[in-house]
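# Observations on the model geometry
Residues per chain are reported as follows:
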Amino acid sequence: MARSMLCRGVSAFQLSRRIPLLSAPRCYSQSEAEPLTLREQKHGIRRIILNNPRKRNALSLSMLETLRENILTDVDGEDLRVIILSAKGPVFSSGHDLKELTSTQGREYHTKVFQTCSEVMTLIQDLPIPVIAMVNGVATAAGCQLVASCDIAIATEKSTFATPGVNVGLFCSTPAVAIGRAVPRKVAMEMLLTGSPISARDALLHGLISKVVPEERLEEETLAIAQRVCQSSRPVVALGKATFHRQMAQGRDAAYATASKVMVDNLALIDGQEGIQAFLEKRKPVWSHKSEKVHD
């Protein structure tokens, strides 16, 4: 069963998380002229670009399904080391498409929208590879949630972040899950209760993003980080990322127990030993990018 699904393009990662098989997403905007996202991959870096600026790159159900497909395609491939999420136009993402959230659509459809959104956000954090948000503009509501869900976020000085749902009668409860885990509680509550935007500098100060750069340097700075990630061992990065998120949800003592065990597991990896030997021999490591162990 597993083999037959893998032959159909379903990744081992997808099977391990029991992610439902993807039906063919509606990949085009209403005009049917442009795909909702663009995807390209080169030298280990996959770039996924939100491509619906006319609708402020809203995270419609179609956009979310397409984004999920773009993330999961060949996610277990050894040549994939990092993903960069960016957007065309002055708005990174305005969040959910409010036209999909009217009573006309109904509760079942609304449930599907928020379930799919939650799947995409948790998928980003559960991936075995890092995901970097490259932001040049406005990120609001679920768009801000998308930034908060990424492992690293680089933004331009003109970028702003907000959760304005309260102002239209829809409190940003799901964005609050990611944002509340990225910034101090009182900062999150001010954003959620007022809907007021914060600047890129304030977002950096509070931990929502990793770095603020001039617009003309955004691409260069983001690619530099992605390229640095590509220089490391894929299984070591995957183990480290998974452990980080796991221990952050635990108490101190449990976190140390988890991390200590993982350090020992890391040492058993081929690349764990290769890195140490390379350091001792004063040479560059030659990574296998395999998850095999050299000892138990």
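Before going into details, it helps to say that this report is about the structure given with it. (Residues numbered from 1 in each chain as written. Predicted model: local features only at pLDDT ≥ 70, side-chain atom pairs only at ≥ 80, totals over all residues. Heavy atoms only, no water.)

### Some words on the overall build of the chain
For the record, the criterion: Only DSSP runs of H or I covering at least 4 residues are called helices, and only runs of E covering at least 2 are called strands; the numbering of each starts at the N terminus. Categorising residues by exposure relies on relative accessible area from a 1.4 Å probe, with only protein chains included: less than 20% of the type maximum marks a residue as buried, more than 50% marks it as exposed, and the intermediate range marks it as partly exposed. Residue contacts are defined here by distance: any two heavy atoms, one from each residue, within 4.5 Å place the two residues in contact. Here the Shrake-Rupley method, with its probe set to 1.4 Å, supplies the accessible areas, and only the displayed protein chains count as covering residues.
The secondary structure content of the chain amounts to 12 helices and 10 strands. Across the 296 residues of the chain, 45% fall into the buried class. Counted over contacts in the chain with a minimum sequence separation of 6, partners at least 24 positions apart contribute 67%. Carbon together with sulfur atoms contributes 55% to the accessible area of the chain, which is approximately 15800 Å² in total.

### A look at the packing of helix 10 (residues 234-248) against helix 11 (residues 252-268)
Two numbers describe a pair of packed helices, the interaxial angle and the distance between the axes. To keep things clear, this is the line we draw: Helix axes are fitted to C-alpha atoms over the stretch in contact, other axes to C-alpha atoms as well, and angles between N-to-C directions run from 0 to 180 degrees. Roughly parallel covers angles under 35 degrees, roughly antiparallel covers those over 145, roughly perpendicular covers 65 to 115, and oblique covers all other angles. When residues are grouped by polarity, Ala, Val, Leu, Ile, Met, Phe, Trp, Tyr, Cys and Pro land in nonpolar, Asp, Glu, Lys and Arg in charged, and all others, Gly among them, in polar.
Here helix 10 crosses helix 11 at 170°, and the two axes come no closer than 10 Å. Classified by the interaxial angle, the pair formed by helix 10 and helix 11 is roughly antiparallel. Of helix 11, the residues touching helix 10 (which contributes V236, L239, T243, R246 and Q247) are A255, T258, A259, V262 and N266. Partitioning the contact of helix 10 with helix 11 into residue classes produces 5 nonpolar, 4 polar and 1 charged.

### Quick word on the sheet that holds strand 10 (residues 211-213)
Note the following rule: At least two DSSP bridges between two strands are needed for those strands to be called paired.
Spatial ordering of the open sheet is given by 1-2-3-5-7-10, a layout of 6 strands whose pairing is mixed. Strands with a single pairing partner mark the edges of an open sheet, and in this sheet they are strand 1 (37-42) and strand 10. Averaged over all pairs of adjacent strands, the angle between their axes in this sheet comes to 20°, without regard to strand direction. As judged from the 3 bridges shared by strand 3 (residues 82-87) and strand 5 (residues 131-135), these two strands associate in the parallel manner. What sits directly across from I83, in strand 5, is V131.

### Overview of the nonpolar core
Formally: Here, nonpolar core refers to any group of buried Ala, Val, Leu, Ile, Met, Phe, Trp, Tyr and Cys residues whose side-chain atoms link them within 4.5 Å.
Core analysis: the biggest nonpolar cluster contains 46 residues, and I71, I83, L85, V147, F161, L208 and I209 have the highest contact counts within it. Residue contacts for I209: discarding those within four places in its chain leaves V147, A153, A155, F161, A200, A203 and L204. Listed in part, the 12 residues of the second largest apolar core include V82, I84, V213 and I225.

### Let's talk about the packing of helix 3 (residues 61-72) against helix 4 (residues 107-126)
Worth spelling out the cut-off: Put simply, a crossing is left-handed when the front helix is turned counterclockwise from the back one by less than a right angle, and right-handed when it is turned clockwise.
For the pair helix 3 and helix 4, interaxial distance at closest approach is 10 Å and the crossing angle is 30°. The angle between helix 3 and helix 4 falls in the class roughly parallel. At the point where helix 3 passes helix 4, the crossing takes the left-handed sense. Along its contact with helix 3, which presents L61, L64, E65, L67, R68, I71 and L72, the element helix 4 presents Y109, K112, V113, T116, C117, E119, V120, L123 and I124. In terms of residue class, the contact of helix 3 with helix 4 is made up of 11 nonpolar, 1 polar and 4 charged.

### Brief notes about the sheet that holds strand 6 (residues 138-140)
Taken in spatial order, the 4 strands make up an open sheet running 4-6-8-9, and their pairing is mixed. At either end of the open sheet lies a strand with only one pairing partner, and these are strand 4 (91-93) and strand 9 (198-199). Of the strand pairs in this sheet, strand 4 and strand 6 are connected by 2 bridges, and their pairing is parallel. Its bridge partner being in strand 6, S93 is matched across the sheet by A139. Those strands touched by helix 5 (residues 142-149) are strand 4, strand 6 and strand 8 (160-162), and its axis lies near 100° from that of strand 6.

### A few points about unusual backbone geometry
A positive phi angle, close to 50°, is found at A141, a residue other than glycine. As for its placement among the helices and strands, A141 is situated in the loop between strand 6 and helix 5. The backbone of K282 sits at a positive phi, close to 55°, despite the residue not being glycine. Inspection of the secondary structure assignment puts K282 in the segment after helix 12 (270-280). Note on K282: relative accessible area 77%, which makes it exposed.

### Examining the side chain of Q145
Along the chain, Q145 falls in helix 5. Filtering out sequence-adjacent residues up to four positions away, Q145 remains in contact with C117, M121, T174, P175, A178 and I179.

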